[in-house]
Amino acid sequence: MGLKKLKVDPNVCIGCGACCGTYPDSFQIGDDGLAEVISDEVDEEAMAVCPVGAIVED
């Protein structure tokens, strides 16, 4: 487990909110209905939470 600079690929994200529910201090749903990273570094395990693989290294 480590911290990494992550981003959400908007072309893959479906806005399900799994990342926000698991890591509420690191992700939020934006005005476009898609997830976005709100912290500088995120636990790399967050990538495994996304059911469509939209969380990737930045």
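Residues numbered from 1 in each chain as written. Predicted model: local features only at pLDDT ≥ 70, side-chain atom pairs only at ≥ 80, totals over all residues. Heavy atoms only, no water.

1. Re the overall build of the chain
Each helix and strand counted, the chain has two helices and six strands in total. Its helices and strands in sequence order give the chain the pattern β-β-α-β-β-β-α-β, from N to C terminus. Computed over its C-alpha atoms, the radius of gyration of the chain comes to 10 Å, within 12% of the 10 Å expected for a compact globule of 58 residues. The 58 residues of the chain split such that 31% are buried. Sequence-distant contacts in the chain: of pairs separated by 6 or more residues, those separated by 24 or more amount to 59%. (Helix = DSSP H or I, 4+ residues; strand = E, 2+ residues; numbered from the N terminus. Rg over C-alpha atoms; globule rule 2.2 N^0.38 Å. Buried < 20%, exposed > 50% of the residue type's maximum accessible area, 1.4 Å probe, protein only. Contact = heavy atoms within 4.5 Å.)

2. Comments concerning the pattern of salt bridges
Inspection of every chain in the model, using the stated rule, returns two salt bridges. Among the salt bridges present, the one from Lys 4 reaches Glu 57, with a minimum N-O distance of 3.3 Å. Of this pair, Lys 4 sits in strand 1 (residues 3–4) while Glu 57 sits in strand 6 (residues 55–57), placing them 53 residues apart in sequence. By relative accessible area, Glu 57 is classed as partly exposed at 47%. Three or more residues are tied together by salt bridges with common partners; here these are Lys 4, Glu 44 and Glu 57. (Salt bridge = Lys/Arg side-chain N within 4 Å of Asp/Glu carboxyl O.)

3. So, the side chain of Ser 26
Relative to the assigned elements, Ser 26 resides in the loop between helix 1 (18–22) and strand 3 (27–29). A polar side-chain atom of Ser 26 sits 3.4 Å from a polar atom in the side chain of Ser 39. In this structure, Ser 26 is in contact with Glu 36, Val 37, Ile 38, Ser 39 and Val 42, ignoring residues within four places of it in sequence. (Polar contact = N/O pair within 3.5 Å; in protein donor to acceptor, adjacent residues only side chain to side chain.)

4. What to know about the nonpolar core
Counting residues in each nonpolar core, the largest one holds 14 residues, and the members touching the most others are Val 8, Cys 13, Cys 19, Phe 27, Ala 46 and Ile 55. Counting only elements with at least two residues in this core, the list comes to strand 2 (6–8) and helix 1. Look past the residues within four positions of Val 8 in its chain and what remains in contact with it is Cys 13, Phe 27, Ala 35, Glu 36, Val 37, Ala 54 and Ile 55. (Core = buried A, V, L, I, M, F, W, Y, C linked by side-chain atoms within 4.5 Å.)

5. Some thoughts on the environment of Cys 20
Note that Cys 20 resides in helix 1. For the pair Cys 20 and Gly 30, spaced ten residues apart in sequence, the C-alpha separation works out to 11 Å. Those residues in contact with Cys 20 that lie beyond four places of it in its chain are Phe 27, Gln 28 and Ile 29.

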